[in-house]
Amino acid sequence: MNVATHYFLFFKLFSFVCYSDQLQQLNIGAFFYENEFEYQRAFESAILRINSENKSNFKLLPIIKKLSSYDGPIALKREVHAYTKLQDLFQLHSLHTDIVRIRKFKRNEDYRILWKSIKGERRIVLDCSPNILLDLLKAAVPFDLTGQFNHLFLTNLDTHSSEIKSFRDNPTFAMNVTAVRLKLNDDFYKHSLAHKRDFANIKFHRQPLKVTLIYDALMLYGIALKNITTNYPTIQRYVNCEYNEYNSTYSSPAGSYVYNSMINVRISPLDGVHFRSGSLLFDDNGQRTGFEIEMYEPLHDYGTAFWNTKGQITQQHTGANVLKKIVYRVATRIGEPYFMEKFCFFFFYDCKNNYFNRILHSSTAKTENVTHNGRYMGYAVDLIEALSKEIGFEYIFVPVADNGYGKYNKETKQWNGIIGELINNDAHMGICDLTITQARKTVVDFTVPFMQLGISILAYQKPTESKAWSAFLDPFTVDVWIYVMISIFIIALLFIFMARISRDEWENPHPCNKDPICLENKWNISNSFWLTMGSIMTAGSDILPCSASMRTFNAMWWIFAVIIANSYTANLAAFLTNSKMEGSISGIQDLAEQTKVKFGTMEGGSTFTFFSESNETTYRLAYNLMQNNDPPAYTKDNKEGVDRVLKNNGSYMFLMETTSLEYNTERNCKLKMLGEKFGEKHYAIAVPFGAEYRSNLSVAILKLSERGELFQLKNKWWKNHNNTCHEGVQMDASETPDMTFSEVRGIFYTLGVGVIVAYTVGIFEFLIYTQKVAAAEKLTFKKAFLKEIIFVLCVWNNKKPLKLASSNSSKATSPNAP
């Protein structure tokens, strides 16, 4: 703001000059109130220096008149006022009344009314006298206008003479204050013998501005008189200083001449040290040019920048030791695994779903009375801690009230969530799973990303169900198995009758005997069933038909057997492993081209914005489907979306960022990521526009990335080391899973039953045979059984003698026979 552009010539305050009759002595007068001792000393000091350094033929004689407060104000025209300094703001107010609000106040009135009328404002420009500034600011404290994120600009050039420094250690006064003052001339205090002792205090500007201006105006007046008396020894001797009837003074030709001479004075480098405020140069209108205004922090009294009459601003390099200590407020939101309150968790094994689960027991933070940052944990907490150590700053976490990321409301034209906190200057930075979007970049700045991600589909993963022992029968339904069994029985019987009517199936039982007594048909019930069963089991048989009719009949049966066997084999693996997907959805395109499975995303989030603003056909189609869903497909946060996926058992899918998706799938075996990720995104730390610490944060993030600390942090908070999901979940259709015993145990049961039945039949045959041996050899059943069982156990003996007939005949002819 050009607060000093319209300052008029200072010496106009001292234009009432009377001259004596003697040319060598010139009287110069001044009016001062009784309490204006500093102004009087400045006037006398300037006269003393002019007279001591003057080489002309004149000498100034000061004439001072004291006024009391009862005398009333001096009738002088005030050329400088607040409206001139603030003209740019007044013009802006006339154009945008909703952006700039103006309030007027008077001395000694109730200042609380003023502050109450602007409660909630963050940026205030205040123009007031230094002697009421302290009372004004004290009245602003109850209205939350002096907090850390409030900004105050003081336009009065004498602010340095106020008592504002008393707020330096006041905890209720944390606002950012900027003031302005006229830049003084260092060379004046260095070279002037009379002011060397003041050089050490120049930076404190302990004197009011008017003291400096009085001194410089008189010095300029003295230089002009010197030039006049050198060229024109004679000066008008008298000027009437009385007021006329119109309450104004008579003009003097000499006064105008002196005025013009002062404007046109060209100060040499040597004369430049005569002025406290630097070189005095004026334009044709008598306005001063070439001066500088310093912007500074008045509480700690350090400069920040210089402004000159050309409109240029030069930054000052302020030492870190004079900067105000800042505790950075970090806005964030509750959400795993980025930012969470510290809790105790108990882990238990879910036998039904075959994975570890956890339950919340109690809050460690509340139990141990942990406060401030110690209450929280998570990826964002660790990242900010690492950055604070890398850069060196203090911070405090501030969870946002609405737990939102930042959504723009078109009706109120306001942002909520973390972005709103930054826009309103209630936070220095914002961190969580906050995505960089174009809309957010128009209102805040972002650091370099600390995480790269995309979008994918969160789907329900049905756990593997325990198979029944008869699972190997699932490829065919019960009625198919019944029809197959009936077919085997009928075909076997038909085979018997077909063989009996076929002439070529009757064969000579003894081929060496050319003249057999009878013919034999080998297709009895046993052989017929054996051939039928062998064909259906693709095992074949050692006996085959001979006649053309039988072979034709058998070929048709083989065709049927091959089809049945291959159909069973083709479907067996799928039924045993459940690897066959219940749907055909493998990515976002499949999801967008169907209507059976509903899907959605978090309303107002970056994923929602990605679909709503995309011009790609697939993404636009998906957005339209989400818009038309009933009930609404959108959720208020990711947690609600995850819960809906679990609750709907596959009829609802959730579109979310891959980082959150990976975190949830690591901890719940009923969830899985479906398809490839798309729509590349980045997480970064948000800061207010123009924040000077943004570059430092970016550099620190890059250093952490290069050292691998960002990767370690993600591994720490994402990886679930108790994850057992791979032990019992469905596999994708593209994978070839291994079958477990539970899936094929029915086949083993069938084999076992068959072996038991076979051995049961064999044992009965053995017992019947043993009974025959006992009868033939005249032995008891026990002895015959022991004899036969011992022979059976001699597995190395494969030859068995025929003793039944020989034993009978020998016993009959033996003399020792009983």
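Residues numbered from 1 in each chain as written. Predicted model: local features only at pLDDT ≥ 70, side-chain atom pairs only at ≥ 80, totals over all residues. Heavy atoms only, no water.

- In the nomenclature of an unreviewed UniProt entry, the protein is known as Ionotropic glutamate receptor C-terminal domain-containing protein of Glossina austeni.
- As recorded by UniProt, the Subcellular location (unreviewed entry) comment attached to the protein reads in full: "Postsynaptic cell membrane". (UniProt positions renumbered as here; feature names shortened; annotations may be inferred.)

## Some thoughts on the side chain of Thr447
Here's step 1: Its place among the elements puts Thr447 in the loop between strand S20 (445-446) and strand S21 (451-460).
Here's step 2: Ignoring any residue separated from it by four or fewer positions in sequence, one finds Thr447 in contact with Ile436, Ala684, Ile685, Arg694, Leu697, Ser698 and Ile701. (Helix = DSSP H or I, 4+ residues; strand = E, 2+ residues; numbered from the N terminus. Contact = heavy atoms within 4.5 Å.)

## With respect to a nonpolar patch on the surface
Here's step 1: On the surface, a nonpolar cluster with roughly 890 Å² of combined accessible area is contributed by Val478, Ile482, Tyr483, Ile486, Phe489, Ile490, Leu493, Leu494 and Phe497.
Here's step 2: For Ile482, the position within the fold is in helix H13 (residues 478-501). (Patch = residues over 30% accessible without salt bridge, like charges linked within 9 Å, V, L, I, M, F, W, Y side chains within 5 Å. Areas by Shrake-Rupley, 256 points an atom, 1.4 Å probe, with all protein chains shown as cover. Salt bridge = Lys/Arg side-chain N within 4 Å of Asp/Glu carboxyl O.)

## Remarks on the nonpolar core
Here's step 1: With 36 residues, the main nonpolar core has Tyr379, Leu383, Ile384, Leu387, Met429, Phe450 and Ile685 as its most contacted residues.
Here's step 2: Of all elements in the fold, only strand S11 (327-332), strand S15 (376-377), helix H10 (379-391), strand S16 (394-399), S21, helix H21 (694-706) and helix H22 (709-718) reach the threshold of two or more residues within this core.
Here's step 3: Looking at this core element by element, the count peaks at seven residues for H10.
Here's step 4: If we ignore the near neighbours within four places in the chain, the residues touching Leu383 are Ile431, Phe450, Leu704, Leu710 and Leu713.
Here's step 5: In this structure, Tyr39, Ile50, Ile223 and Val258 belong to the second largest nonpolar core, which totals 30 residues. (Core = buried A, V, L, I, M, F, W, Y, C linked by side-chain atoms within 4.5 Å. Buried < 20%, exposed > 50% of the residue type's maximum accessible area, 1.4 Å probe, protein only.)

## A few points about the sheet that holds strand S10 (residues 313-315)
Here's step 1: Within the open sheet, the six strands sit side by side as S3-S4-S5-S8-S9-S10. Their pairing is mixed. The open sheet has two edge strands with one neighbour each: strand S3 (123-126) and S10. Averaged over all pairs of adjacent strands, the angle between their axes in this sheet comes to 20°, without regard to strand direction.
Here's step 2: Inspection of the sheet shows strand S8 (residues 292-297) paired to strand S9 (residues 302-308) by six bridges, in the antiparallel sense. Each bridged residue has a counterpart across the sheet, and for Glu292 the counterpart in S9 is Asn308. (Pairing = 2+ DSSP bridges. Axes fitted to C-alpha atoms, helices over the stretch in contact; angles between N-to-C directions.)

## Structural notes on the UniProt feature "transmembrane region" (unreviewed entry) in the protein
Here's step 1: The sites that UniProt annotates as "transmembrane region" (unreviewed entry) are residues 480-499, 529-550, 556-576 and 747-769.
Here's step 2: Annotated as 100% helix and 0% strand, the span residues 480-499 places its first and last C-alpha atoms 28 Å apart.
Here's step 3: Across residues 529-550, helical content stands at 50% and strand content at 0%; the span's end C-alpha atoms are separated by 14 Å.

## Some details on the pairing of S21
Here's step 1: In terms of burial, S21 is largely enclosed, as nine of its ten residues are buried.
Here's step 2: Of the pairings in the sheet, the one linking S21 to strand S26 (residues 671-683) comprises eight bridges and is antiparallel in character. Opposite Ala459, over in S26, you have Lys672 as the bridge partner.
Here's step 3: In this sheet, strand S25 (residues 652-657) lies alongside S21 in antiparallel orientation, the contact comprising four bridges. By the bridge assignment for S25, Leu458 is matched with Phe654.

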